[in-house]
Amino acid sequence: MDGNSRTIRDIPSTGLWAALIFLVALNLRPAIAAVGPLLTRIGMDLNWGEGVQGILAAMPLWAFAAVSPVAGLVTARIGTDTTVAVALGLLAVGDIVRSVGGQTCVWLGTVGVGAAIAIGNVLVPAIAKRDFRERVSMATGVYSGCITAGSAIAGATAVPLADLLGGWRPSLAFWAVPPLVVLALWLVRLRHTSHRATVGIRRDETGEPRADAATVRAAMPSASGAKSVASKPAPLWRRPMTWWVTLYMGLQSAAFYTMSNWLPSVSAGAGFDEGTAGMHLFLFQSIGILSGLLVPMLMQVGGNQVCAALVSSLPMVAAYVGMLTLPQAMMVWSIVGGCGQGSTLVVALSLIALRGTTAQETVRLSGIAQSLGYLLASIGPAAFGMLAELSGAWAAPLLLALALAAAQCVVAVLVGRARS
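Residues numbered from 1 in each chain as written. Predicted model: local features only at pLDDT ≥ 70, side-chain atom pairs only at ≥ 80, totals over all residues. Heavy atoms only, no water.

1. Regarding empty space enclosed by the protein
Applied cut-off: Cavity and pocket criteria rest on a 1 Å grid covering protein atoms alone: a 1.4 Å probe that fits but cannot get out defines a cavity, protein on both sides within 12 Å along at least 5 of 7 lines defines an open pocket, and an atom within 4 Å of a point defines a lining residue. Grid points are joined across faces, edges and corners, and a volume is the space filled by probe spheres set on the points. A run of H or I in DSSP becomes a helix once it reaches four residues, and a run of E becomes a strand once it reaches two; helices and strands are each numbered from the N terminus. Note on residue classes: Ala, Val, Leu, Ile, Met, Phe, Trp, Tyr, Cys and Pro are nonpolar, Asp, Glu, Lys and Arg are charged, and everything else, Gly too, is polar.
Summed over all chains, the structure comprises 5 cavities of 30 Å³ or more. Its volume calculated, the largest cavity comes out at about 110 Å³. Along the walls of the largest cavity sit 14 residues, with Ala31, Val35, Leu56, Arg98 and Thr110 positioned nearest its centre. Those elements that provide at least two residues to the lining of the largest cavity are α3 (30-33), α5 (50-78), α7 (103-131) and α9 (168-173). Reported here for the second largest cavity is a volume of approximately 90 Å³. Along the walls of the second largest cavity sit Arg29, Ile147, Thr148, Ser151, Gln252, Ser253, Phe256, Tyr257, Gln341, Leu345 and Tyr374, which together make up its complete lining. The biggest single contributor to the lining of the second largest cavity is helix α13 (residues 240-269), with 4 residues. Looking at the lining of the second largest cavity residue by residue, the classes come out as 5 nonpolar, 5 polar and 1 charged.

2. Points about the packing of aromatic side chains
The test is simple: Any two of the Phe, Tyr and Trp rings considered here, Trp counted by its six-membered ring, make a pair once their centres fall within 6.5 Å; the pair's planes then place it as stacked at under 30 degrees, edge-to-face at over 60, or tilted in between. The cut-offs for exposure are 20% and 50% of the maximum accessible area for each residue type, with area from a 1.4 Å probe on protein chains only; residues under the lower value are buried, those over the upper are exposed, and the others partly exposed.
Under the counting rule described, the total for this entry stands at 9 aromatic pairs. With a centroid separation of 4.6 Å and 65° between ring planes, the pair formed by Phe64 and Tyr374 is classed as edge-to-face. Residue Phe64 is located in helix α5, and its partner Tyr374 is located in helix α17 (residues 359-377); the two are separated by 310 residues in the primary sequence. Given the relative accessible area of 0%, Phe64 is considered buried. Ring centres of Tyr257 and Tyr374 lie 6.3 Å apart, and the angle between their planes is 75°; on these two criteria the pair is classed as edge-to-face. Linking Tyr257 in helix α13 with Tyr374 in helix α17, this pair joins segments that are 117 residues apart in sequence. Judged by its relative accessible area of 2%, Tyr257 is buried.

Now the structure itself:
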């Protein structure tokens, strides 16, 4: 593929076509969030203990870590928007595969789901920065809210769907439908973008297609980006900023995925029935929509992101302390923790967009932060399950989660001060 083809294929979208990225974001968590409320049923059906259940919960994060760096390579070959279409198709296939066969299909389908979501995780921030260049913080808040909403809906409906459809398999298979719907819309968007590109093409004296100046300017880095390339800044992996962003991404993800998978079990261990435990998970996930929309107001307090990163991180510390000392108030701790998880996601994704100096660098930074960050995050749900199985109680895994949340508060100060 030549340079002109890539330029045309990755021109920005506007209006409702640009807003489709928010529907993509809505599909980036349900396939994972639906597992947590059904984890006990899956374990009983497949004869898996908490340790293996924890590995199942961590498997998508390992797929995130493995696939995130590859997303940039695929994008360079076929274009950003086409790669998103591939990811949506893979997500639907993974949902179906893990729901129709035996244990092998469960593992293979889970890997497919994780790989598809990993691509979306990397590309959604970059597309938002490209298509909403003047409103990056607003776009980040909206698509983060969509991610949180998708997670909350899946967590709340997983058990009712299982009861209605006859088991955990059809309940998980249901989540193949939304990405297929969005894929159909996304293909229309691709056709619209291709038409815009064709209109913007002129032919030079040799008869070769040439994008007009407006089209090229829309897709190429800004003058400041060209200047930064000319000055040859340090590679991303040599910048401390990259590693603070990566650590923050990993630690906040560890808290989210640990609680998304294990909060219903912790609630059940505290004496709540399955329905109430599911409500706790719904509160944990849904309250984050509001906190995620509010936290952008803190992103420039003091001229940096320390306030936003730290204020977002403290609620998870309080929630874990509450679960350890007063588990009877699990509803309160679900709300407190939910405020933290929703806002920290927005902060983490905003930091990627803010610290990347160009759209291309944002994709690379997103790949590093999400690849290594999710590898770190996988410690949360996997170790949580293993500690629960070894100790026969929830105190030890909650103490581990508390330690990770405290470490996130330290990293919040460092990442908030970091500069590109």
